[in-house]
Amino acid sequence: MSRPEDTLPPDLFYNDAESRKYTTSSRIQSIQVEMTHRALSLLGLTSPSLILDIGCGSGLSGEILSSVAPPLGGPHIWIGMDISASMLDIALQRDVEGDLLLADIGQGVPFRAGTFDAAISISAIQWLCNAESSDTSPQGRLARFFNGLYASLRRGGRAVCQFYPKNEMQKSMVSAAAIKAGFGAGLLEDGAGTKNVKVYLVLSVGGGAIEGVVEGMEGVDVEERMGRKGDGRKRGEEVGKKGRKQWILSKKEQMERKGKIVKRDSKFTGRKRRVQF
Amino acid sequence: MKILTVNFLTCAVKACKTSPLSFPLHFRDAELEQSDIGYNPSFLRNILPRVDWEALKVTATELGFTTVPSEKPNLDPAPSNTDLPAPETAMETSEPDVADEKVMRDLHTLLLETEVREGKMVCGNCGHEYKIKEGIANFLLPSHLGR
Ligand SMILES: C[S@@+](CC[C@H](N)C(=O)[O-])C[C@H]1O[C@@H](n2cnc3c(N)ncnc32)[C@H](O)[C@@H]1O
Ligand SMILES: [Zn+2]
């Protein structure tokens with residue numbers, strides 16, 4: 001089956017007909033809801049927060065954020081960004097509570113520094129790997145997105161991006177772009193090795209506390225880099241086609257050689273994780 | 001679009017990131033609407049420290065609200081919900097301070113329930129106009145500005 005990302009740019013793929021089909025499919029609804037709950041649990045929010053929903057679409061992910069009950073730390077207030085006017089139109093018709101912006105995340109994240117407590121993205125950022133025109137590249141768009149996201153989150157904030165990488169190379173390209181922007185990053189895979197595998201990129205802002213950040217997200221592989229960009233560490237090294245565990249360890253070795261503190265190897269390093277529920 | 005959101009939005013043009021003139025964006029021809037959102041005091045306590053009060057006053061004035069206090073109100077720190085208080089103290093802390101309660105309700109109405117339905121926002125640095133239709137602001141940049 002061909003990937004929609006390989007057929008058309010997102011604003012053309014998600015036209016009125018496709019947006020409606022997408023939103024009314026009960027199969028899609030239940031998958032998006034389940035993944036949103038998973039992402040929320042990885043964010044670990046304990047009180048009502050301001051959340052950015054990246055590629056919010058018709059609001060299937062966002063409306064979960066509005067409905068988190070007070071004992072579970074909600075309800076949250078969210079702002080959604082999406083490039084498809086048709087998707088946002090359906091969100092309006094469904095009367096979602098979040099604010100909606102028509103925006104291309106590949107052009108950045110237009111909020112002032114430290115705006116959000118957290119960010120969530122469900123099934124969207126793989127679209128950044130397909131550049132729409134000759135004057136943009138996937139790397140450039142990924143960099144503008146992650147740099148903007150990093151700046152818009154408050155210190156200690158987290159972002160969880162579930163996405164559908166086309167292959168190992170795309171997975172590495174996306175993770176590397178996040179790390180380059182300054183994030184502490186980990187990849188979590190539910191149902192690894194099955195055709196229903198779900199990949200979550202778990203990101204944290206702010207140095208030092210990665211041990212604490214990782215608490216409560218056991219099983220997340222930590223590919224941490226300490227400090228922000230400009231800390232002297234060479235950026236953009238190849239994170240090519242190696243196996244994932246191997247890549248993580250080799251990044252750690254690189255950092256250790258450069259005298260940076262890295263999280264000690266844990267029994268979770270590189271281990272894949274199955275669905276919890 | 002909520003007034004809260006406006007307090008955090010900046011011009012998307014890269015060259016404007018470093019200009020103090022690019023925030024807040026300025027309203028033209030704004031049409032407002034009042035919506036109904038659940039009162040959420042713990043959210044307000046969480047977000048208030050991040051609200052740029054000077055920018056909020058600019059926005060409020062442009063939209064015709066004249067009653068915003070000149071200083072950011074000082075709210076009691078958020079009651080911690082990680083260490084739950086014993087039943088007796090829970091009784092006391094759940095009794096809201098009356099003055100605080102009024103301030104919080106006003107903030108809730110202004111920040112979360114007042115929405116801009118139509119109009120545009122203009123960057124004070126580059127002049128770019130962001131149109132708002134049915135409450136959705138268009139932040140798509142022409143490709144020469146989006147790189
Ligand atoms: C599969 S839908 C997911 C929508 C929603 N998060 C959900 O869970 O139902 C992917 C969404 O990503 C959006 N998207 C793709 N590329 C984007 C970009 N560059 N900027 C903003 N949104 C984008 C699409 O328009 C689409 O609405
Ligand atoms: Zn500007």
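Everything quoted here is computed from the prediction, not taken from an experiment.

1. Quick look at the overall build of chain A
Okay, so step 1: Along chain A, the regular secondary structure elements total nine helices and seven strands.
Okay, so step 2: Each of the 277 residues in chain A was classed as buried or not, and the buried ones make up 60%.
Okay, so step 3: For chain A, the proportion of contacts with a sequence separation of at least 24, taken over those separated by at least 6, is 73%.
Okay, so step 4: About 11,500 Å² of surface is accessible on chain A, with carbon and sulfur atoms providing 53% of the total.

2. Points about the side chain of Asp53 of chain A
Residues and elements named next belong to chain A.
Okay, so step 1: Tracing the backbone shows Asp53 in strand 1 (residues 50-54).
Okay, so step 2: One buried charged residue, Asp53, forms no salt bridge at all, with the nearest opposite charge on Arg94 at 9.5 Å.
Okay, so step 3: One polar contact links the side chain of Asp53 to the main-chain amide nitrogen of Gly62, over a distance of 3.2 Å.
Okay, so step 4: Not counting the four nearest positions on each side in its chain, Asp53 is found in contact with Ser61, Gly62, Trp78, Ile79, Gly80, Met81 and Ile120.

3. Considerations on the pairing of strand 7 (residues 198-204) of chain A
Residues and elements named next belong to chain A.
Okay, so step 1: Strand 7 sits mainly inside the fold: seven of its seven residues count as buried.
Okay, so step 2: A two-sided burial pattern is seen for strand 7, the buried positions comprising Lys198, Tyr200, Val202 and Ser204 on one face and Val199, Leu201 and Leu203 on the other.
Okay, so step 3: For strand 5 (residues 153-163) and strand 7, the ladder comprises six bridges, and the chain directions are antiparallel. The residue bridging Val160 from the neighbouring strand is Val202, located in strand 7.

4. Topic: the interface of chain B and chain A
Okay, so step 1: With 35 residues of chain B at the contact, the number on the chain A side is 32 residues.
Okay, so step 2: In total, about 2,800 Å² of surface goes out of reach between chain B and chain A, with carbon and sulfur atoms giving 56% of it.
Okay, so step 3: Interface area lost by chain B to chain A is led by Phe8, Arg50 and Ile136 of chain B, which between them contribute 21%.
Okay, so step 4: Applying the counting rule to chain B against chain A returns two salt bridges.
Okay, so step 5: Along the contact surface separating chain B from chain A lie 18 residue pairs in polar contact (both at pLDDT 80 or more).
Okay, so step 6: Among the secondary structure elements, those contributing two or more residues to the side of chain B that touches chain A are helix 1 (3-6), helix 2 (41-47), strand 4 (136-138) and helix 6 (143-146) of chain B.
Okay, so step 7: In terms of residue count, helix 2 of chain B provides more of the side of chain B that touches chain A than any other element does, four residues in total.
Okay, so step 8: For the side of chain B that touches chain A, the class distribution of residues is 17 nonpolar, eleven polar and seven charged.
Okay, so step 9: Looking at chain direction, strand 3 (residues 99-102) of chain A and strand 4 of chain B are connected through two bridges and run parallel.

5. What about the nonpolar core?
Residue and element names in this part refer to chain A.
Okay, so step 1: Phe146 and Leu149 are the most contacted members of the largest nonpolar core, which has 74 residues in total.
Okay, so step 2: Dropping the residues within four chain positions of it, Leu149 is found in contact with Leu52, Ile54, Val109, Ala119, Ala159, Phe183 and Leu203.
Okay, so step 3: By size, the runner-up hydrophobic cluster in this structure holds 25 residues, among which are Leu45, Ile64, Ala118 and Val160.

6. Description of the pattern of salt bridges
Okay, so step 1: Scanning the model with the defined rule gives 17 salt bridges over all chains in all.
Okay, so step 2: Taking the shortest distance from any N to any O, the salt bridge between Asp190 of chain A and Arg38 of chain A comes out at 2.8 Å. In this pair, Asp190 of chain A sits in strand 6 (residues 184-190) while Arg38 of chain A sits in helix 3 (residues 26-43), placing the two residues 152 residues apart along the sequence.
Okay, so step 3: Of the residues examined, Arg38 of chain A reaches a relative accessible area of 6% and is grouped as buried.
Okay, so step 4: With a closest N to O distance of 3.1 Å, Glu101 of chain B and Arg105 of chain B form a salt bridge. Linking Glu101 of chain B with Arg105 of chain B, this pair stays in helix 5 (residues 98-113), spanning four residues, or about one helical turn.

Reading guide: rules and limits
- Residues numbered from 1 in each chain as written.
- Chains lettered and ligands numbered in written order.
- Predicted model: local features only at pLDDT ≥ 70, side-chain atom pairs only at ≥ 80, totals over all residues.
- Heavy atoms only, no water.
- Helix = DSSP H or I, 4+ residues; strand = E, 2+ residues; numbered from the N terminus.
- Buried < 20%, exposed > 50% of the residue type's maximum accessible area, 1.4 Å probe, protein only.
- Contact = heavy atoms within 4.5 Å.
- Areas by Shrake-Rupley, 256 points an atom, 1.4 Å probe, with all protein chains shown as cover.
- Lys, Arg positive; Asp, Glu negative; His and termini not counted.
- Salt bridge = Lys/Arg side-chain N within 4 Å of Asp/Glu carboxyl O.
- Polar contact = N/O pair within 3.5 Å; in protein donor to acceptor, adjacent residues only side chain to side chain.
- Pairing = 2+ DSSP bridges.
- Buried area = accessible area lost by both parts, 1.4 Å probe.
- Nonpolar A, V, L, I, M, F, W, Y, C, P; charged D, E, K, R; others polar.
- Core = buried A, V, L, I, M, F, W, Y, C linked by side-chain atoms within 4.5 Å.

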